[in-house]
Amino acid sequence: MFTRHRRLRKNQVVRDMVRETVLNKQDFIYPLFVVEGENIKKEIPSLENNYHYSVDRLHEIVEELKEAGVKAVILFGIPGYKDEVGTSAFEENGIIQKAIRKLKELNPELFIITDVCMCEYTSHGHCGILHDHEVDNDETIKYIAKIALSHARAGADMVAPSDMMDGRVEAIRNSLDKNGFKNVSIMAYSAKYCSAFYGPFREAADSSPKFGNRKGYQMDPANIREAMLEIEDDIKEGADVIMVKPALPYLDVIRWARDRFDLPVAAYNVSGEFAMVKAASKAGLIDEKAIVKEMLTCIKRAGAGMIITYYAMDICRWIKEENN
Ligand code: PBG
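- Per an unreviewed UniProt entry, the chain goes by Delta-aminolevulinic acid dehydratase and derives from Clostridium moutaii.
- As stated in UniProt under Catalytic activity (unreviewed entry), the record for the chain gives "2 5-aminolevulinate = porphobilinogen + 2 H2O + H(+)".
- Under the Subunit (unreviewed entry) heading, UniProt states for the chain: "Homooctamer."

Digging into the overall build of the chain
Turning to step 1, where the next piece is worked out: When helices and strands are tallied, the chain shows eleven helices and twelve strands.
Turning to step 2, where the next piece is worked out: In terms of overall dimensions, the chain is globule-like: its C-alpha atoms have a radius of gyration of 20 Å, near the 20 Å expected for 324 residues.
Turning to step 3, where the next piece is worked out: Structurally, the chain occupies a C-alpha span of about 70 × 45 × 40 Å along its principal axes.
Turning to step 4, where the next piece is worked out: Burial status across the chain gives 55% buried among its 324 residues.
Turning to step 5, where the next piece is worked out: If you sum the accessible surface of the chain, you get close to 15100 Å²; carbon and sulfur atoms cover 49% of it.
Turning to step 6, where the next piece is worked out: Between the mean site of the 44 positive side-chain charges and the mean site of the 50 negative ones, the chain shows a separation of 7 Å.

With respect to the nonpolar core
Turning to step 1, where the next piece is worked out: Within the largest apolar cluster, 115 residues are counted, with the highest numbers of intra-cluster contacts made by Phe33, Leu75 and Met187.
Turning to step 2, where the next piece is worked out: If one sorts the elements of this core by residue count, helix α4 (residues 137-154) sits on top with nine residues.
Turning to step 3, where the next piece is worked out: Setting aside anything within four residues of it in sequence, one finds methionine 187 in contact with Ile74, Ile113, Met158, Val159, Ala160, Pro161, Val241, Met243, Ala266, Met306 and Ile308.

Re the site of the ligand
Turning to step 1, where the next piece is worked out: Taken together, 18 residues lie around the ligand, and Lys192, Arg202, Lys245, Ser271 and Tyr310 are the ones closest in.
Turning to step 2, where the next piece is worked out: Taking arginine 214, its side chain carries an N or O atom lying 3.1 Å from an oxygen atom of the ligand.
Turning to step 3, where the next piece is worked out: One of the side-chain N or O atoms of lysine 245 is found 3.4 Å from a nitrogen atom in the ligand.
Turning to step 4, where the next piece is worked out: Burial of the ligand by the protein amounts to 100% of the accessible area it has alone, namely 400 Å².
Turning to step 5, where the next piece is worked out: Mapped onto the shell around the ligand, the elements with two or more residues apiece are β9 (185-192) and α6 (199-205).

Brief notes about the state of the cysteines
Turning to step 1, where the next piece is worked out: Inspection of every chain in the model, using the stated rule, returns zero disulfides.
Turning to step 2, where the next piece is worked out: Left without a disulfide partner, cysteine 117 is nearest to the cysteine sulfur of cysteine 127, which lies 3.6 Å away.
Turning to step 3, where the next piece is worked out: Of the residues examined, cysteine 117 reaches a relative accessible area of 2% and is grouped as buried.
Turning to step 4, where the next piece is worked out: For cysteine 127, a relative accessible area of 1% gives the class buried.

Cut-off values and rules
Residues numbered from 1 in each chain as written. Predicted model: local features only at pLDDT ≥ 70, side-chain atom pairs only at ≥ 80, totals over all residues. Heavy atoms only, no water. UniProt positions renumbered as here; feature names shortened; annotations may be inferred. Helix = DSSP H or I, 4+ residues; strand = E, 2+ residues; numbered from the N terminus. Rg over C-alpha atoms; globule rule 2.2 N^0.38 Å. Buried < 20%, exposed > 50% of the residue type's maximum accessible area, 1.4 Å probe, protein only. Areas by Shrake-Rupley, 256 points an atom, 1.4 Å probe, with all protein chains shown as cover. Lys, Arg positive; Asp, Glu negative; His and termini not counted. Charge placed at Lys NZ, Arg CZ, Asp CG, Glu CD. Core = buried A, V, L, I, M, F, W, Y, C linked by side-chain atoms within 4.5 Å. Contact = heavy atoms within 4.5 Å. Near = heavy atom within 4 Å. Polar contact = N/O pair within 3.5 Å; in protein donor to acceptor, adjacent residues only side chain to side chain. Disulfide = S-S within 2.5 Å.

In structure tokens, the structure reads:
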């Protein structure tokens, strides 16, 4: 006697009823790049169909997000100048600070997460303060806390440190609490790997290190137990959400995180993952819509309840289409 598993695959109605993982539009967070300057909406060559916006044209993307049904963004800034200590990252009138104020004015409901890091703002392109060609951990976390605070002051709902310094979550939490931002939450890029999948992003954000690499602070792709230690520490230090990044080659890390910890788990479906799908679909090798739905469903099935993806607007539109 064998079991007839196919009974529950008989037609769409029953398949829909037994489906274990369903995508919702509130699962998705859209990465948004803001640049200094005026009247700019310029396609990012490495990330097709994604754009650099100047603050005065943000209303266009706000409308588009609303129409697609995307409720949250994560902001990245391309500043007007860079220096050794990333000053443009924490100025009151820095690009991110201006963008947050503008976005909140355009749509107070839009949930604003900010990427907190230094690599877009430092002249050397590393994620922190250098000492003898090494990123100085303890010096850097003071700056990271300052950047996060400046984002909170501008109106950010959630800050997301992506620098991978030790102790940054605690430093941010202390500084937010001391300054009256107890309700600004922290999404920690806890298990952020030193990945070749960030290539298209670094082109988009002009954030490649000018020498060396990020292996001294980002994680070795070979390690998963170490990722659990990173997550555990971020939780102890006060993280509200933990993140695994990249997503697709790291589904096992997402699953371990989901099984071991009770905080919300986010996953970042990064630029290289996006660019590969785009390139293959442009070459006519795959069906883009089907692939995107499948990969995002699998990231959610692995355990991520929040997914950052350059496909956020597309998937939300496709979900809406299906529900009609
Ligand atoms: C900043 C940062 C990076 C990404 C998000 N925040 C780049 C990096 O660490 O080099 C990558 C996102 C992507 O590839 O989509 N440190």
